[in-house]
Protein chains: 2
Amino acid sequence: MKGQTIYFKNKPKIISTATIAGPKECCGILGKYVDCALTDDMFGEKTFERAERKMLLYAVEKCIAKAELKTEDIDIFLSGDLLNQIISASFTARELKIPFLGIYSACSTMSEGLLLGSVLTDGGFAKTVVAATGSHFSSAERQYRFPLEQGTTRPPQSQWTVTGAGSALLSLKGKGPCITCATVGRVMDFGVSDVNNMGAAMAPAAADTILAHFRDTGKTPKDYDLILTGDLGALGGKIVEDLVWEKGVDISENHVDCGEIVYDVREDEFQGGSGAGCCASVFNSYIYDKMTHGSGIRKVLFAATGALLSTVSSGQGETIPCVSHAVVVENQ
Amino acid sequence: MKGQTIYFKNKPKIISTATIAGPKECCGILGKYVDCALTDDMFGEKTFERAERKMLLYAVEKCIAKAELKTEDIDIFLSGDLLNQIISASFTARELKIPFLGIYSACSTMSEGLLLGSVLTDGGFAKTVVAATGSHFSSAERQYRFPLEQGTTRPPQSQWTVTGAGSALLSLKGKGPCITCATVGRVMDFGVSDVNNMGAAMAPAAADTILAHFRDTGKTPKDYDLILTGDLGALGGKIVEDLVWEKGVDISENHVDCGEIVYDVREDEFQGGSGAGCCASVFNSYIYDKMTHGSGIRKVLFAATGALLSTVSSGQGETIPCVSHAVVVENQ
């Protein structure tokens, strides 16, 4: 580890990914790239929470099947989600019966999973690791904000939690883009307490990790075809560009935010998408497809960012601490 | 990885631990062994949640100081807790400014932290990792069950969430008991839905991991001076002994449960202690002291167990999925 950055000598590969997303999400870019485009965001279930975990289970099972493996072939399942006590991940792990390590990093769960999965496979501790996460607009909304039935007005700085899930299978054997290094984030808090303004709260954490990454590795933004942040949204995406620019780093040329591109932004979503399922579904479908089908995107710095608040912490007057973990994914 | 078990070639050492516990807890064995015995379970704070995170911060800072290191010397902080969105861990990470990976495994968070910390140090990804967790009776009670003011009657199968925190510092350099292998648990659910009977819900997960450990390693209970489960309590402790006995493994001779020994059991606690802080404070104080002071306890199988429910999952009629992760800690 140099600074905050870990290097992977054996370059674990993402040999398979799978994704699923809701009807609203599939009106945008995800529609063409997900393995399953839902026409019913309840996925045939009675509750939002059950629909959420069914999506996660689908993404994991599909990902394993696409690699022509079985669940018994997977050594470790790494997952977490936004719901209290990560019940989506835990209940999915109950179905899968794969040894399970629960992680929590809010909307940066996907990159934490890829990071720890790389550590486990690169170090020879596990041969195959599946990292996955997801979210559901309706379960998140009622847990974090208000019951949907209340019809609360959403402010213009708000984002829309993505209904979707994504999964990635890591192994040293097989083909696929590899993970060459990862930067572990520190928890940052710039004093934002508005729970409807996640982009502004999370941008400083993304900036801190991106700057740490360039400092540790000696690389510059030009070394990457794409710097992909996770669900900062349109406003947060602009803030992170400004914050790193103030430190002499210009990422504006090749920076894209998953939250900003996930929807064809209409009025409802305001700043774009958010939620653990946002970058999980965008990275594992659209971006993975671009990397594996010769689009010219060969080297990606994927820095997902999570807001580590709870309704209790906000209710007690706390500001919103955030963290961002970055992984470098590249074709070699 | 063989079966569910990971081996650590470089044998990461627990070079330092620190613990803190509440006044009720310090009436029992913890009183003699913790670094800080609180006389006020609010720890001078206005809310239970703030007291909980202050305990966690104390445990981490004290642990680092006891190793004669500074927070800047620590590569990674691994932590999680019982509160929604692991706010105790996240807010502690905000103060520490150490790169932070959030984990969630309910009451088995301590062993998941030691497991992942061993992976990170053994594989050369990090030089120093701190793994820590904690819990607070009052914050857990109002989140999972009822407001304290309601004075709800506790049934005889219930346990008492420990007010306390514990921290361990892992490194390949330095002195201390080492971690030689770890068994990653699968999520088990035997259909228990009584949220007041965690011991019965968790025992099958502990049994599954203990049996997997012996199957993978070819070892027997006699190879260990102590098989330490985490907070199954008196009832759950008996159930796990029965469950493994049915599979031909007798752990009754050297099995001890942290939940069973943490209190001088009086009426209030019924089956004993629970909560992420239970085995974290017992293992990192009492057990670590025994291992490092020539008590004859040289080889310990530490299998903490977590119940992965939430109030939403229980409210929706779900049973309680549980997981147990085991680490082997030994003097060499």
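It should be noted that the structure appears before, not after, this text.
Residues numbered from 1 in each chain as written. Chains lettered and ligands numbered in written order. Predicted model: local features only at pLDDT ≥ 70, side-chain atom pairs only at ≥ 80, totals over all residues. Heavy atoms only, no water.

Visitor: Outline the side chain of Gln4 of chain B, supporting the account with residue identities and numerical values.
Guide: Tracing the chain through its elements places Gln4 of chain B in the segment before strand 1 (5-7). Reaching out from Gln4 of chain B, the side chain makes a polar contact with the backbone oxygen of Val184 of chain B at a distance of 2.8 Å. (Helix = DSSP H or I, 4+ residues; strand = E, 2+ residues; numbered from the N terminus. Polar contact = N/O pair within 3.5 Å; in protein donor to acceptor, adjacent residues only side chain to side chain.)

Visitor: I'd love a proper account of the environment of Leu309 of chain A, names of residues and values included.
Guide: Along the chain, Leu309 of chain A falls in the loop between strand 13 (299-307) and helix 10 (311-315). On the basis of relative accessibility, which here comes to 6%, the residue Leu309 of chain A falls in the buried class. Taking the C-alpha atoms as reference points, Leu309 of chain A and Val60 of chain A, separated by 249 residues in sequence, lie 27 Å from one another. If we ignore the near neighbours within four places in the chain, the residues touching Leu309 of chain A are Tyr144, Val195, Met198, Ser314, Ile320 and Pro321 of chain A together with Gln85 and Ile87 of chain B. (Buried < 20%, exposed > 50% of the residue type's maximum accessible area, 1.4 Å probe, protein only. Contact = heavy atoms within 4.5 Å.)

Visitor: Describe in detail the relation of the copies chain B and chain A, supporting the description with residues and values.
Guide: With an axial shift of 0.0 Å and an RMSD of 0.0 Å, the rotation relating chain B to chain A amounts to 180°. Such values leave the two copies arranged in the relation of a two-fold axis. Relative to the rotation axis, the closest C-alpha in chain B is found at Ile103 of chain B, a distance of 2.0 Å. (Least-squares fit on C-alpha atoms with pLDDT ≥ 70 in both.)

Visitor: Help me get a handle on the side chain of Thr92 of chain B, residues and values and all.
Guide: All names here are of chain B. With respect to the element layout, Thr92 can be found in helix 3 (residues 87-96). Its relative accessible area of 1% is what places Thr92 among the buried residues. There is a polar contact of 3.5 Å between the side chain of Thr92 and the backbone oxygen of Arg53. Excluding its chain neighbours within four sequence positions, the residues that come into contact with Thr92 are Arg53, Leu56, Leu57 and Phe77.

Visitor: Give me helix 9 (residues 276-292) of chain B: which residues, what numbers.
Guide: Residues and elements named next belong to chain B. Taking 1.5 Å per residue, 17 residues should reach 24 Å; helix 9 reaches 23 Å between its end C-alpha atoms and fits that length. Roughly 35° is the biggest bend found in helix 9, and it falls at Phe283. Counting buried residues in helix 9 gives 13 out of 17 residues, a clear majority hidden from the surface. Gly294 sits one or two residues past helix 9 and shows a positive phi near 60°. (Expected span 1.5 Å × (residues − 1). Bend = angle between axes of the 7 residues up to and from the residue.)

Visitor: Can you tell me about the environment of Glu68 of chain B, naming the residues and giving the values?
Guide: Mapping Glu68 of chain B onto the fold places it in the loop between helix 2 (48-66) and strand 4 (76-79). Separated by 50 residues in sequence, Glu68 of chain B and Ser118 of chain B have C-alpha atoms that sit 20 Å apart.

Visitor: Break down the nonpolar core for me, citing the residues and quoting the values.
Guide: Within the largest apolar cluster, 94 residues are counted, with the highest numbers of intra-cluster contacts made by Leu114, Leu120 and Phe302 of chain A together with Leu114, Leu120 and Phe302 of chain B. Excluding anything up to four places from it in sequence, Leu114 of chain A contacts Ile14, Ala131, Ala168, Leu170, Ile179, Phe283, Phe302 and Val327 of chain A. Listed in part, the 71 residues of the second largest apolar core include Val130 and Ala140 of chain A together with Val130 and Leu169 of chain B. (Core = buried A, V, L, I, M, F, W, Y, C linked by side-chain atoms within 4.5 Å.)

Visitor: Summarise the packing of aromatic side chains; cite the residues concerned and give the values.
Guide: Evaluated as defined, the whole model comprises twelve aromatic pairs over all chains. Considering the side-chain rings of Phe137 of chain A and Trp160 of chain A, the 3.9 Å spacing of their centres and the 0° angle between planes classify their relative orientation as stacked. Here Phe137 of chain A, found in helix 5 (residues 137-144), pairs with Trp160 of chain A, found in strand 7 (residues 160-161); they are 23 residues apart in sequence, far enough to count as distant. On the accessibility criterion, Phe137 of chain A (12% relative accessible area) is buried. Over the face of the ring belonging to Trp160 of chain B we find Lys24 of chain B, whose NZ or CZ atom lies 4.1 Å from the ring centre. Against the face of Tyr263 of chain B rests Lys24 of chain B, its NZ or CZ located 5.9 Å from the ring centre. (Phe/Tyr/Trp six-rings, centres within 6.5 Å; stacked < 30°, edge-to-face > 60°. Lys NZ or Arg CZ within 6 Å of the ring centre and 35° of its normal.)

Take it as geometry only, folks, not as evidence of what the structure does.
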